[in-house]
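Take a look at the letters that make up each chain.
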There are 2 protein chains.
Amino acid sequence: MSEHDPSTPAPTNACAADPLSRFHAVIPAGGVGTRLWPLSRAATPKFLHDLTGSGHTLIRATYDRLEPLAPGRVMVVTGRAHRDAVVGQLPELGEDDVVIETEPKDSAAAIGLAAAILHLRDPETILGSFAADHAISPDSLFREVVAEAVHTAATGRIVTIGIKPTYPSTGFGYIQLGEPLDVAGAPHALTVRTFVEKPSAEVAAEYVASGEYGWNAGMFVAPTALMLHHLERAQPELYTGLMQIARAWDGPERDAVVARVWPGLPKIAIDYAVAEPAAAAGDVAVVPADFRWDDVGDFAAIGRLNPAGSGVTVLGEHARVVTDHATGVVVTGTNRLIALIGVEDIVVVDTPDALLVTTADNAQAVKKTVEQLKAAGADDVL
Amino acid sequence: MSEHDPSTPAPTNACAADPLSRFHAVIPAGGVGTRLWPLSRAATPKFLHDLTGSGHTLIRATYDRLEPLAPGRVMVVTGRAHRDAVVGQLPELGEDDVVIETEPKDSAAAIGLAAAILHLRDPETILGSFAADHAISPDSLFREVVAEAVHTAATGRIVTIGIKPTYPSTGFGYIQLGEPLDVAGAPHALTVRTFVEKPSAEVAAEYVASGEYGWNAGMFVAPTALMLHHLERAQPELYTGLMQIARAWDGPERDAVVARVWPGLPKIAIDYAVAEPAAAAGDVAVVPADFRWDDVGDFAAIGRLNPAGSGVTVLGEHARVVTDHATGVVVTGTNRLIALIGVEDIVVVDTPDALLVTTADNAQAVKKTVEQLKAAGADDVL
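For chain A, the name recorded in an unreviewed UniProt entry is Mannose-1-phosphate guanylyltransferase, with Tersicoccus phoenicis as its organism.

Next comes the structure, spelled out in structure tokens:
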């Protein structure tokens, strides 16, 4: 395999091949999901749970959603501790399809390493990054949108997905939609006017009412060449380190180079390392989408995703729940009998060694409690 | 031991002995405490739990409260299934001090059998009946009141205790206090004007404001001769059966007679079988009391008995509870970490195989859920 120098972007939009045949899906599977404690924790992070009642873990559902778009071309980046669980969930993955982080280094290093490895394997690669622990439906609509994003990426852009908001969330970033791009195979692709961080409730309500904004779901699709180009300019140290590792990746020196280089890499989010510099350069686009999307960030999301009508949403393979004038969410990893009497919007999360009782309104506060437990050294339940 | 015929009351007030030397305490230890499910259940009823944070089970605390008044003269009536647990709690009990009900027959049979046995052992006995699962403090004040009740009983009366109400409870019966009785050794003893069943909130508030009413704590003290006299007149069938068993009790025929007679005995509460007929005959008295008393009837009571100030009351030997903006009660029989976030007046009861989440306001509704579980055949958690 000859190395293509990504510091000079390849003329990807001149490539004759169908852009979809160049598409490679990357699933970063990191992050514990602290707000979903005690269900989600270091040993069993969020992506290893079925939080939508589908019968599949979130990472399995993510793989199944992507695989038809990129058959045999799905890569997972995960931590050493979760390798076996990931491979257990996705036995289809080959040796080349799993990238292990020896220690967590945030999203720019994780996705950047995948980009560098795939780029060296094939410099024409169009990479799409999709979190392992989001809930999306229907899959068919998702795939239509991603296919448009791939076609748009093939014209030399970093392409985001802008989800049509269904409520004025203050927990997500927003993308202000711009003008049509007129890309073949991507009739809905638009320019991006601005990216906005999590807004206030008032501003979020304006955004939703205007119809001009989409939620920034953190997905993006781009040629690896373009990604690495922006990474090199914005984070040269990170770029150099990742390229060193990527060059050794498919050879006998992998472990030695990883051990030498990875620990010193800077920790930075992919948004700052790639997306913002690309936006500044006018290299970003957006495909609006109205599939259902949720980052399943807290237990309130689980209630939204699994509406129970007037009663109690129950998740858990062996759940045994009785209720009397109760509403809310029960997530259980045990087979204990759980009785809820006269409680509204309650959230009960039952695990063998820890129990959480809160309300949907307080779902975000779970993180604070987990931090207190960490500070108190309660590692056995974290 | 010669048999005294209790159908003719003995002239107990003519007896020269100190009434206290004739006093025998009986502790009926039946009743599961359904409203305290899942803590209290068939196998481990309420009286086997420490619900006051004292470090002692309720039955142990009851015994310790009574024993100084009736040294060596405390009898427990309990079910076959709880014999070992009771004796484990009260190793001081002799063989003669434990009466086993082969099947539950309500309070008239349980207390009536104790009365009949004690009467045949000593017809001068003054019996006091005190539930095994109530919370009382301070013990010294309790003993002063019971001593007055014993002196009053010695004048040939069935004597109740009227607890000074601390709030307008609709869960307890009330006793309307009458005129002073002028009994030696019982300066506070009064006649009873009326007994009132659980009143409405409005009526309860009037009672409390008037100062003329005491809570009927279900305790009473009476000569066994007088009790049996009223029982014979009101419930002749029950009386005859109990006397048959009592005559055989201290001999070799006990088991055979119990097996033949007990199953056919009528089920009736002691209030209907003895207290009401006695009241109609003008044979009742009351000693007002202002010790602290609670029947620990539900989890709201546990909150009242163990005030946590502004936070969460926690009961449980291995409890491990973290809270953030939470108030209420946690009772745990496990060592699981329990996190409460943003919940008010919550009641969480955590046991190895069942979990209850409710609020203090709904504490009484627990019984309904237990009945539903029973109807559904969920015997493993009942």
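After presenting the structure, the write-up continues.
Asker: Would you mind going over the UniProt feature "domain: MannoseP isomerase/GMP-like beta-helix" (unreviewed entry) in chain A in detail, with residue names and values included?
Answerer: As recorded in UniProt, the sites labelled "domain: MannoseP isomerase/GMP-like beta-helix" (unreviewed entry) are residues 321-373 of chain A. Between the C-alpha atoms that bound residues 321-373 of chain A there is a distance of 28 Å. The span itself is 15% helix and 47% strand.

Asker: Break down the interface of chain B and chain A for me, with residues and values.
Answerer: Counting from both sides, the interface comprises 34 residues of chain B and, opposite them, 34 residues of chain A. Buried area between chain B and chain A, both sides added, is near 2,600 Å², and the carbon and sulfur share of it is 58%. Counting the surface chain B buries against chain A, the share from its top three residues, B:Arg336, B:Ile341 and B:Leu355, is 26%. Scanning the region where chain B abuts chain A turns up 6 salt bridges.

Asker: So what about the UniProt feature "domain: Nucleotidyl transferase" (unreviewed entry) in chain A? Which residues, and what values?
Answerer: Taking the numbering used here, the UniProt-annotated feature "domain: Nucleotidyl transferase" (unreviewed entry) corresponds to residues 25-303 of chain A. Taken as a whole, residues 25-303 of chain A contains 38% helix and 23% strand, while its terminal C-alpha atoms sit 29 Å from one another.

Asker: Describe in detail the environment of A:Glu144, supporting the description with residues and values.
Answerer: Along the chain, A:Glu144 falls in helix α4 (residues 139-153). Separated by 42 residues in the primary sequence, A:Glu144 and A:Ala186 place their C-alpha atoms 9.4 Å from one another.

Asker: So what's going on with the side chain of B:Glu101? Residues and values would help.
Answerer: All names here are of chain B. Structurally, glutamate 101 is set in strand β3 (residues 98-101). Buried charge glutamate 101 goes without a salt bridge, the closest partner of opposite sign being lysine 267 at 9.2 Å. Apart from the residues lying within four places of it in its own chain, the contact partners of glutamate 101 are Val77, Thr78, Gly79, Arg80, Asp106, Ala110 and Trp262.

Asker: Outline unusual backbone geometry, listing residues and values.
Answerer: All names here are of chain B. The amide bond that connects tryptophan 37 to the next residue, proline 38, takes the cis arrangement and shows omega of 5 degrees. One can find proline 38 in the loop between β1 (23-29) and α1 (58-66). Of note in the backbone geometry, aspartate 106 takes a positive phi value of approximately 70 degrees without being a glycine. Residue aspartate 106 is classed as partly exposed on the basis of its relative accessible area of 40%. We note that aspartate 345 has phi near 55 degrees; this positive angle belongs to a residue other than glycine. Its location among the elements puts aspartate 345 in the loop between β15 (337-341) and β16 (346-350).

Asker: Break down the domain arrangement of chain A for me, with residues and values.
Answerer: Residue and element names in this part refer to chain A. Partitioning chain A into domains gives domain 1 (12-294) and domain 2 (299-381). Using C-alpha coordinates to define each centre, domain 1 is positioned 30 Å away from domain 2. Across the boundary between the two partners, domain 1 contributes 15 residues, which contact 22 residues of domain 2. Summed over both partners, the interface of domain 1 with domain 2 comes to about 1,700 Å²; 62% of that surface belongs to carbon and sulfur atoms. Contact with domain 2 buries surface across domain 1, with Arg35, Trp37 and Arg41 losing the most and accounting together for 39% of the total. If you look at where domain 1 meets domain 2, you find 2 salt bridges. Aspartate 294 is paired through a salt bridge with arginine 304; the nearest N and O atoms lie 3.1 Å apart.

Here is what the cut-offs are and how they apply
- Residues numbered from 1 in each chain as written.
- Chains lettered and ligands numbered in written order.
- Predicted model: local features only at pLDDT ≥ 70, side-chain atom pairs only at ≥ 80, totals over all residues.
- Heavy atoms only, no water.
- UniProt positions renumbered as here; feature names shortened; annotations may be inferred.
- Helix = DSSP H or I, 4+ residues; strand = E, 2+ residues; numbered from the N terminus.
- Contact = heavy atoms within 4.5 Å.
- Buried area = accessible area lost by both parts, 1.4 Å probe.
- Salt bridge = Lys/Arg side-chain N within 4 Å of Asp/Glu carboxyl O.
- Buried < 20%, exposed > 50% of the residue type's maximum accessible area, 1.4 Å probe, protein only.
- Lys, Arg positive; Asp, Glu negative; His and termini not counted.
- Domains from an automatic or database assignment.

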